[in-house]
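Observations on chain architecture
What follows is the residue order along each chain.
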Amino acid sequence: MSDQPRRPRKPAKPYRRPKKDPVRILAFEALRAVDERDAYANLVLPPLLRKARENEDFDARDAALATELVYGTLRRQGTYDAVIAACVDRPLREVDPPVLDVLSLGAHQLLGTRIPTHAAVSASVELARVVLGDGRAKFVNAVLRKIAQHDLDGWLERVAPPYDDDPEDHLAVVHSHPRWVVSALWDSLGGGRAGIEELLRADNERPEVTLVARPGRATTDELLGEEAAVPGRWSPHAVRLTEGGEPGAVPAVAEGRAGVQDEGSQLVALALAAAPVEGRDRMWLDGCAGPGGKAALLAALAAQRGAVLLASEKQPHRAGLVARALAGNPGPYQVVAADGTRPPWRPGSFDRVLVDVPCTGLGALRRRPEARWRRRPEDLDGFAPLQRGLLRTALESVRVGGVVGYATCSPHLAETRAVVADLLKQFPDAELIDARELLPGVPDLGEGPDVQLWPHLHGTDAMYLALIRRTG
């Protein structure tokens, strides 16, 4: 037994409670809602921000950072997954989803923002201590320190396969899209590497808020009085808010005289309204009207010509949204809850018909980035019968000499040209008309006669439009 005196033990450090960061906690809660409940960030985030603003310490800069953390993480999720997978010692599927959300938020701060490395790591570890506990926070700390060893370009060189070996997989990792989506977009777009890379980059950019001044109810001059408001690129009714902001705070929007509507959606409605019809022009139909944006614009345009819009929507709660959007329209209209494939109206009742059909939503990945990770190729098979059924009903509902607009917020060929081609075979008395001529001033509309809009070319969602006239 040693005669040496024992050294006194160092007193244990007092336990330090983790610092609660309301911005990052809010971002984490939004990501968990997206992951656990298949919620959409654009629906989850606004109420979380409104609640946070009740705290005097949560200001506009905090709201902007929380928004960037949520949307930036979701847009780059595929890239960050590849980076995180290279830094953990287990398959990514074995990492608990809440832990993965914290790691993804940390990765975005390290690789996708200008937040200093030390601040990004320490803030993420503090978040982990609050929402995961001290034990798993150590794991988060170790992984983020590995991620911090390289910038985004350095990591992409390590985790993305060379373009020459596998072009689609390279683009999928670098631009954070599922491989099958890259392939589908490339098929629809055509061309070489430059075009598809521009499109994928555009999908990862934050879109501007675009307003529509509903004719007869609001003017673009009124909306241009808002801060950082500029005219739309193509639609005479569009105004863009270049610095974002809260559109609900715009008086005309709050009163329903204007709305939030992508310029591509506005162009679809305007083209249908401008298409020449033979004979009368009194009855218009929006056969898939929910949630009401296109219906509100069509109803306002119809009112200017003394025409009536019937807005039909299958889901009663969405029909209620349509009714709210149309309330106050200067002319007559009607909203019904009806199945567009089994309509209550007689064939040949309408002069103009629009069907903006349910689809995969691959054209709106800028606004709903999480959709790219939820959709699967097999979803196309689920939508196909409905899309064809709705277009069939639309063609049956329009009179001879009238026009049908088939629209979808997806550029996937299986949801666009394939559907139109199939139905034209069944309706030999119908023909495509050139939609490009009805979008004056809009460039890069392809060979026609149908139109595919693109985020990187037009600054819009990737809306598709085919205009079809019944001839006999």
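This text goes with the structure placed above it.
Report on the accompanying structure.

Conventions adopted
Residues numbered from 1 in each chain as written. Predicted model: local features only at pLDDT ≥ 70, side-chain atom pairs only at ≥ 80, totals over all residues. Heavy atoms only, no water. 1 Å grid on protein atoms, 1.4 Å probe; cavity = no way out; pocket = protein on both sides within 12 Å on 5 of 7 lines; lining within 4 Å. Points joined across faces, edges and corners; volume = space filled by probe spheres on them. Helix = DSSP H or I, 4+ residues; strand = E, 2+ residues; numbered from the N terminus. Nonpolar A, V, L, I, M, F, W, Y, C, P; charged D, E, K, R; others polar. Salt bridge = Lys/Arg side-chain N within 4 Å of Asp/Glu carboxyl O. Buried < 20%, exposed > 50% of the residue type's maximum accessible area, 1.4 Å probe, protein only.

**Regarding the layout of surface pockets**
For the second largest pocket, the calculated volume is near 420 Å³. Residue lining of the second largest pocket: 16 residues in total, with Asp35, Gln77, Asp81, Asp101 and Trp373 positioned closest to the centre. If you list the elements that add at least two residues to the lining of the second largest pocket, you get helix H1 (22-37), helix H4 (77-85), helix H5 (97-111) and helix H17 (371-374). Of the residues that constitute the lining of the second largest pocket, the class distribution is seven nonpolar, one polar and eight charged.

**Some remarks on the pattern of salt bridges**
In a structure, side chains of opposite charge can pair up when their charged atoms sit close to one another. By the definition in use, this model includes 33 salt bridges. Measuring nitrogen to oxygen at the nearest pair gives 2.7 Å for the salt bridge that ties Arg367 to Asp262. On the criterion of sequence distance, the pair formed by Arg367 in the loop between strand E8 (350-356) and H17 and Asp262 in the loop between strand E4 (258-260) and helix H14 (263-274) is long-range, its members being 105 residues apart. Residue Arg367 is classed as partly exposed on the basis of its relative accessible area, which comes to 24%. The buried category is assigned to Asp262, whose relative accessible area is 8%. For Asp461, the salt bridge goes to Arg367, with nearest N and O atoms at 3.2 Å. Linking Asp461 in the loop between helix H20 (455-458) and strand E12 (464-470) with Arg367 in the loop between E8 and H17, this pair joins segments that are 94 residues apart in sequence.

**Focus on the environment of Ala229**
Looking at where Ala229 falls in the secondary structure, it is placed in strand E2 (residues 229-231). You can call Ala229 buried: its relative accessible area is 16%. Sequence separation of Ala229 and Leu211 is 18 residues, and the distance between their C-alpha atoms is 9.6 Å.

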